[in-house]
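# Fold and contact review
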Amino acid sequence: MRVPNADLFYPRTIMDSEFLPGEASGSGSVDSDFGFAFNDSNFSDRVLRIEIMPDLPETKSDADGCSSIADWARNRKRRREDFKKETDVVVQREEQILNCNMPDTVDGVTYENQDEEAVEMIEESPSDVGLNSNQIGNDTAHSNDSTWNIDCSTVLRVKTIHISSPILAAKSPFFYKLFSNGTRESEQRHVTLRIHASEETAFLDLLNFMYSNTLSTTTPTALLDVLMAADKFEVASCMRYCSRLLQNLPMTCESALLYLDLPSSVLMADAVQPLTDVAKQFLAARYKDVTKFQVEVLNLPLTGIEAVFSSDDLQVASEDAVYDFVLKWARTHYSKLEERREVLATRLGRLIRFPYMTCRKLKKMLTCNDFDPELASKVVLEALFFKAETPYRQRALASEEANVTYRFVERAYKYRPVKVVEFELPRQQCVVYLDLKREECVHLFPAGRVYSQAFHLGGQGFFLSAHCNMDQQSSFHCFGLFLGMQEKGSVTFTVDYVFAARSKPTEDYVSKYKGNYTFTGGKAVGYRNLFGIPWTAFMADDSIYFINGILHLSAELTIRQ
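Our subject in this report is the structure included herewith.

Count 3.6 residues to each turn of an α-helix, and residues three or four apart come out pointing the same way. Its 16 residues give helix α18 (residues 373–388) an end-to-end C-alpha distance of 23 Å, which sits within 8% of 22 Å, the value for a rise of 1.5 Å per residue. Within α18, burial applies to A376, V379, V380, A383 and F386. An end-on view of α18 places all buried positions within 125 degrees of arc, on one side of the element. What points out from α18, more than 90 degrees from its buried face, is the exposed set E374, K378, F385 and A388. If you follow the buried residues of α18, they end up packed against α17 (359–365) and α19 (391–400). Looking at where α18 begins, the residue whose side-chain oxygen comes 3.1 Å from the main-chain nitrogen of E374 is D372.

This brings us to helix α9 (residues 236–248). In this model, α9 (13 residues) spans 19 Å end to end at C-alpha, consistent with the 18 Å of a helix rising 1.5 Å per residue. Turning to α9, its buried residues are S237, C238, M239, R240, Y241, C242, S243 and L246. At its buried positions, α9 is contacted by α5 (165–171), α7 (200–212), α8 (220–232), α10 (253–260), α11 (264–267) and α12 (273–286).

Time to look at the packing of aromatic side chains. Each aromatic ring pair is summarised here by two numbers: the centre-to-centre distance and the angle between the ring planes. In the structure shown here, the tally under the stated rule is 34 aromatic pairs. Ring geometry for F174 versus F175: centroids 5.2 Å apart, planes at 80 degrees, classification edge-to-face. Classification of F175 by relative accessible area gives buried; the value is 0%. On the basis of an interplanar angle of 15 degrees and a centroid distance of 5.4 Å, the ring pair of F531 and F538 is categorised as stacked. You can call F531 buried: its relative accessible area is 9%. Through successive ring pairs, a cluster of aromatic residues spans F445, F479, F531, W535, F538, Y545 and F546. Here the guanidinium or amino end of R438 rests over the ring plane of F546, the centre of that ring lying 4.3 Å away.

In this section: the pattern of salt bridges. In this structure the tally under the stated criterion is 20 salt bridges. A salt bridge links R49 to E51, with the shortest nitrogen-to-oxygen separation between them at 2.4 Å. On the basis of relative accessible area, R49 is assigned to the buried category, the value being 17%. Between E199 and K232 there is a salt bridge; the shortest N-O distance is 2.6 Å. With a gap of 33 residues between them, E199 in the loop between β5 (190–196) and α7 and K232 in helix α8 connect regions that are remote in the sequence. Each member of the pair, E199 together with K232, is buried. Among the charged side chains, a network of salt bridges with common partners joins R49, E51 and R194.

Bridge analysis of strand β7 (residues 419–423) against strand β8 (residues 429–437) gives 5 bridges, and the strand direction is antiparallel. Each residue of the ladder has a partner; that of V421, found in β8, is V431. Linking β7 back to β8 in an antiparallel pair, the connection comprises 5 residues.

A word on unusual backbone geometry. Glycine aside, the phi torsion of most residues is negative, and most peptide linkages are trans. Here the bond from F445 into P446 is cis, since omega is 10 degrees, no more than 30 degrees from zero. Along the chain, P446 turns up in the loop between α20 (438–442) and β9 (449–452). Cis geometry marks the peptide bond from K504 to P505, where omega comes out at 5 degrees. Here P505 shows up in the loop between β13 (492–503) and β14 (508–520). Even without glycine at this site, N213 takes up a positive phi of about 60 degrees. Assignment of secondary structure puts N213 in the loop between α7 and α8. The class for N213 is buried, based on a relative accessible area of 10%.

Ranked by size, the top nonpolar core spans 95 residues in total, and within it F175, F203, F309, L348, F354 and F371 carry the most contacts. Once residues within four sequence positions are removed from consideration, F371 is found in contact with Y323, L327, R341, L344, I352, F354, M365 and A376. Ranked by size, the runner-up nonpolar core spans 38 residues in total, among them V450, L483, F538 and A555.

Another aspect to go through is a nonpolar patch on the surface. On the surface, F34, F36 and F43 cluster together into a nonpolar patch covering about 300 Å² of accessible area. Note on placement: F43 falls in the segment before β1 (46–53). Owing to a relative accessible area of 44%, F43 belongs among the partly exposed residues under this scheme.

Time to look at the environment of V510. Looking at the secondary structure, you find V510 in strand β14. C-alpha separation for the pair V510 and L553, spaced 43 residues apart in sequence, amounts to 9.5 Å.

Right, let's talk about the environment of L302 for a bit. Mapped onto the fold, L302 is located in helix α14 (residues 302–309). Considered as a pair, L302 and V343 are 41 residues apart in the sequence and their alpha carbons are 9.3 Å apart. Those residues within four positions of L302 in sequence are excluded, and the remaining contacts are W329, Y334, V343, R347 and L348.

Overall, the coordinates contain 0 disulfides when judged by the stated rule. There is no disulfide at C478, and the cysteine sulfur nearest it, in C468, is 7.4 Å away.

This part covers the packing of α12 against α14. The interhelical angle for the contact between α12 and α14, taken along N-to-C directions, is 70 degrees, at an axis separation of 8 Å. In terms of axis orientation, α12 runs roughly perpendicular to α14. Packed against α12, whose contacting residues are K280, L283 and A284, the element α14 presents G304, A307 and V308 at the interface.

Here is what the cut-offs are and how they apply
Residues numbered from 1 in each chain as written. Predicted model: local features only at pLDDT ≥ 70, side-chain atom pairs only at ≥ 80, totals over all residues. Heavy atoms only, no water. Helix = DSSP H or I, 4+ residues; strand = E, 2+ residues; numbered from the N terminus. Expected span 1.5 Å × (residues − 1). Buried < 20%, exposed > 50% of the residue type's maximum accessible area, 1.4 Å probe, protein only. Arc of directions from axis to C-beta. Contact = heavy atoms within 4.5 Å. Polar contact = N/O pair within 3.5 Å; in protein donor to acceptor, adjacent residues only side chain to side chain. Phe/Tyr/Trp six-rings, centres within 6.5 Å; stacked < 30°, edge-to-face > 60°. Lys NZ or Arg CZ within 6 Å of the ring centre and 35° of its normal. Salt bridge = Lys/Arg side-chain N within 4 Å of Asp/Glu carboxyl O. Pairing = 2+ DSSP bridges. Core = buried A, V, L, I, M, F, W, Y, C linked by side-chain atoms within 4.5 Å. Patch = residues over 30% accessible without salt bridge, like charges linked within 9 Å, V, L, I, M, F, W, Y side chains within 5 Å. Areas by Shrake-Rupley, 256 points an atom, 1.4 Å probe, with all protein chains shown as cover. Disulfide = S-S within 2.5 Å. Axes fitted to C-alpha atoms, helices over the stretch in contact; angles between N-to-C directions. Parallel < 35°, antiparallel > 145°, perpendicular 65-115°, else oblique.

What follows is the structure in structure tokens.
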């Protein structure tokens, strides 16, 4: 593919690999199908000699077959480090017998010239020719990496394919660099690639894709193999193609976790991002209600935990529950304190939205040994500053950092967050502020209720609950507000309370009801019709109680002496 005023073989040229097969490119053209030219000497300028080497002893060959995603994952995990290793490249002027008297590494590039005495040449840097990711030379010549300590004389089989260097170079930076690295040998007709037996099928499928822009394989395991090969040989368009096909296959927890556990080089590729996004969304939706799957979620790997607890739609009682669960998971999977602190600081801490934790839980965090004290102080201070901001400023902060972090984004908690102002003198007293969105109130009809997070007064736990219920005469629906005490048992507690709500036009808090009540464990007191109007009038578009779509409620509690 050619872009106006751009040379096809200039390094910055936009290659076909930057576009999906069949999609319009920057020049308005569509990828062409060169399938007819694959392995056809009439349309080829080079010969690719593929030497199939044996896999490592502990590696199961793909020839044995992987019947499921689980088999593929176990097999791939054993040879994860090997799959992305450097590729041996031998360029020959004419077909030659491979010279295997090489150093104890295959990071080098060996060239043989039939017309002259055979010599061994080492490129300056593989990054310059796109062959390796590590520096080669004396350092690698003395490498003791057992992955590559294999007998170079062992070649299981050889396959010869006629190739077109312009087609491969346009699709792959790897082949572009191989054919244009500026050396005399890069212009030779015969090129030899050495791959492992487990890579053979995937590599041949990849070569065919670079000509035809399609794959004949449709099974998940085969597509994953091709995806890995496409990453290794830098064929982004094939990575996108495989990613798209995998997205269209039925997703399971097993496959989603596998996609998130692919090698980092694959995960970092833009072409695979849509697949990992879908995998994360699947896990987040599957474990949306964490309380129903506590055992399963506790056994998830780190990537799974990150996918689940990154979700804004997580159904949890409060952010305190998230904190407790993440801490429990870390203690289960990281028994050593240093390792646990490291993963909490670098990975898990990002999942906890500290500004929405209660002050009591934040206080406990400061004395929690699992967190580095300096980190704990920093996040607690940030959370308290956020709580002190006005609702408008809080929303602005969440919006400003939406693309960087989600720590300021409020989840869909089962228990709504509250703000509490406490006083010790002259009497133990607190003022609790509860905000409800109009949408939340809509969902209360006809008999729903929503609870606040717990708050404390005089050492006792209390909560507010908003209801949609019938009035005393059961003649119409209305909005009710209740105050309850958490603790059950013989504890008694007498409290004076005042319920208030902001209303237009002044937007000040206006007292609605006052009273006192002697609480015993598990009891609640309140008003079935807080505003004295039917539900329809309360929810009307011109309702005086919704200010910018928010219902602002408050409860003032004082311990009676």
